[in-house]
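# Survey of secondary and tertiary structure
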Amino acid sequence: MKISVQTSEKTYEVMIRSGLINQAGHYIEKMIPASSYLVIVDQHVASYYLEAFLQTFHTANIHVSVVPSGEQSKSFQQYEQLLNDCYAFGLDRSSVIIAFGGGVTGDLAGFVAGTYMRGIRFVQVPTTLLAHDSSVGGKVAINLAKGKNIVGLFHQPELVLYDPDLLRTLPNQEWRSGFAEIVKMGFIADKDFLLWLKAEVAQLPIQDEKKLEYMIGKAVALKADIVQQDEKEMGIRGILNFGHTLGHAIEGEMGYGALTHGEAVAIGMAFALKVSEQKKGRDFSSSVYLEWLASLGYRLTVPQVLKSENLLAQMMKDKKARHGTLNYVLLEAVGDASIEAIDATELKTFFD
Ligand SMILES: NC(=O)c1ccc[n+]([C@@H]2O[C@H](COP(=O)([O-])OP(=O)(O)OC[C@H]3O[C@@H](n4cnc5c(N)ncnc54)[C@H](O)[C@@H]3O)[C@@H](O)[C@H]2O)c1
């Protein structure tokens, strides 16, 4: 399956196919020729797939930087290390960085590519379910110690090669993380897709190859559609943050990595769903969806160790907050999201 993503700068392809990894180098060299390549690869991914991946390239002009796995790698220290690697390997403006890993690797490698020599090209080779989201749309970033994705830019990839076979080695918790973002796409943009997911996915991981490919393709297409309408997040793209304001606050307060990104977002979605119902005075049958998510292993309440005043303070520091008011993503109906201003007092009432 191929999906084209059109942006103001360029159009790029997202190719999704089982077994694609065996030809990855061939495609990259043919479609994105470069003076040299740097593969920035997650440590776990390297242990499973790096050797075979490198063998699919013909060029000898290919370098590798392995980064420790986990959110902690989206740090200034790791970023600086990678810039030094780029320089030491002699990367120039015609070089290409290849992000081979999950969302952490994609965000980090993309930020390196976006800033090294004022920006060089990069390719995404995602290896997690969540990366169906992070590898498309061009948002790249690193974290501050307490502020997620605070330092970043928009830098679109040249190509995304997604092989669902790589997900077979993914731990169950990471399947839950990625699947939460897929469910999010249904909530915000496509009720039929959400109902399909609810009917077809009774447990994770998903074994059926065709189902998995369809699901990833559909989620990527929905994301591409939103990104194309609003590349720089001036408006509608903000709905992709459904569940993220609280999700990010939980991640920040727990310490990155204690809960996966998607698991934290799932709690945020449960909260946003309830707030939507209350604020709109409508019944979205939220309990039906929440029971299904709980049956897949999601916890849907805020961990008790977290203090609500700290979470509220974190939420008010969100990038979308202005003058004590948050732009919060709510649902008009299931499959139809909108962004609404909520002030700190109102948020506290819902939280209580
Ligand atoms: N840029 C965006 O638009 C965007 C969107 C959503 C999320 N994100 C970011 O994505 C990040 C989360 O991404 P993630 O969930 O992919 O996390 P991740 O990259 O940390 O990967 C999760 C874990 O899975 C391991 N792993 C990766 N691929 C594997 C494989 N094939 N087999 C076995 N293990 C594997 C990794 O080593 C890691 O331990 C967050 O930093 C989030 O902010 C970005």
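So, on to the packing of helix α12 (residues 308-316) against helix α13 (residues 344-351). The description of two packed helices rests on the angle between their axes and on the distance between the axes. Interhelical geometry of α12 versus α13 gives an angle of 140° and a closest axis separation of 11 Å. By the angle between their directions, the pair α12 and α13 is classed as oblique. Considering only the axes of α12 and α13, their crossing is right-handed. Of the residues in α13, those in contact with Ser308, Leu312, Met315 and Met316 of α12 are Ala344, Leu347, Lys348 and Phe351. Partitioned by chemical class, the residues of the contact of α12 with α13 number six nonpolar, one polar and one charged.

Moving on, we get to the domain arrangement of the protein chain. For an interface, size is often stated in terms of accessible area lost upon the parts coming together. Domains assigned within the protein chain are domain 1 (2-169) and domain 2 (183-351). Taking the mean C-alpha position of each, domain 1 and domain 2 sit 26 Å from one another. Domain 1 puts 24 residues into the contact, and the matching count from domain 2 is 22 residues. Looking at the side of domain 1 that touches domain 2, the elements with two or more residues in it are β1 (2-6), β2 (11-16), α5 (131-134) and β8 (147-154).

The next thing to look at is the site of the ligand. Neighbouring the ligand are 30 residues, the closest being Ser69, Gly102, Gly103, Thr128 and Ser134. Considering every element that reaches the shell around the ligand, the biggest residue donor is helix α4 (residues 103-115), with four residues. Within the shell around the ligand, the residues separate by chemical class into seven nonpolar, 16 polar and seven charged.

Another point: the nonpolar core. Ile40, Ile97, Ile98, Phe100, Val112 and Phe242 are the most contacted members of the largest nonpolar core, which totals 96 residues. If you tally residues by element for this core, the top one is helix α10 (residues 261-280), at ten residues. Each of domain 1 (2-169) and domain 2 (183-351) accounts for three or more of the residues forming this core. Setting aside its immediate chain neighbours within four residues, phenylalanine 242 contacts Lys184, Phe187, Ile188, Met269, Ala272, Val329 and Ala337.

Turning to its location among the elements, leucine 161 is positioned in strand β9 (residues 159-162). A tally of 25 C-beta atoms within 10 Å means that leucine 161 is categorised as buried. Through-space distance from the C-alpha of leucine 161 to that of aspartate 208 is 20 Å; in sequence the pair is 47 residues apart. Beyond its immediate chain neighbours, meaning those up to four positions away, leucine 161 contacts Met15, Leu20, Ala24, Tyr27 and Val125.

Bringing the pairing of strand β3 (residues 37-42) into the picture now. A large share of β3 lies buried, amounting to six of its six residues. Along β3, one buried face is formed by Tyr37, Val39 and Val41 and the opposite face, lined by Leu38, Ile40 and Asp42, is buried too. The pairing of β3 with strand β5 (residues 96-101) spans five bridges and is parallel. Looking at the pairing, tyrosine 37 lines up with valine 96 of β5.

Looking now at helix α2 (residues 43-55). Under the 1.5 Å per step criterion, the end-to-end length of α2 is 18 Å for 13 residues, consistent within 8% with the ideal 18 Å. The sharpest bend along α2 measures roughly 65° and falls at tyrosine 49. Regarding α2, the residues found buried are Val45, Tyr49 and Phe53. For α2, the elements touching its buried residues are α1 (24-31), β3 and β5.

Let us now look at the pairing of β5. Within β5, six of the six residues are buried, which leaves it mostly tucked inside the rest of the structure. Side chains Val96, Ile98 and Phe100 project from β5 onto one buried face, and the interleaved Ile97, Ala99 and Gly101 project onto a second face that is buried too. Judged from the six bridges that link them, β5 and strand β6 (residues 121-126) form a sheet pairing that is parallel. For valine 96, the partnering residue across the bridge sits in β6 and is arginine 121.

Here we come to the packing of helix α9 (residues 244-254) against α12. With their axes 9 Å apart at the nearest point, α9 and α12 run at an angle of 120° to one another. For the element pair α9 / α12, the angle class is oblique. The element α9 and its partner α12 pack so that their crossing is right-handed. Across the interface between the two elements, Thr245, Leu246, Ala249, Ile250, Gly252 and Glu253 of α9 pack against Asn310, Leu311, Gln314 and Met315 of α12. Considered class by class, the residues forming the contact of α9 with α12 number five nonpolar, four polar and one charged.

Thresholds applied
Residues numbered from 1 in each chain as written. Predicted model: local features only at pLDDT ≥ 70, side-chain atom pairs only at ≥ 80, totals over all residues. Axes fitted to C-alpha atoms, helices over the stretch in contact; angles between N-to-C directions. Helix = DSSP H or I, 4+ residues; strand = E, 2+ residues; numbered from the N terminus. Parallel < 35°, antiparallel > 145°, perpendicular 65-115°, else oblique. Left-handed = near helix turned anticlockwise from the far one by under 90°. Contact = placed C-beta atoms within 7 Å. Nonpolar A, V, L, I, M, F, W, Y, C, P; charged D, E, K, R; others polar. Domains from an automatic or database assignment. Near = placed C-beta within 6 Å. Core = buried A, V, L, I, M, F, W, Y, C linked by C-beta atoms within 7 Å. Buried ≥ 20, exposed ≤ 12 C-beta atoms within 10 Å, placed from the backbone. Pairing = 2+ DSSP bridges. Expected span 1.5 Å × (residues − 1). Bend = angle between axes of the 7 residues up to and from the residue.

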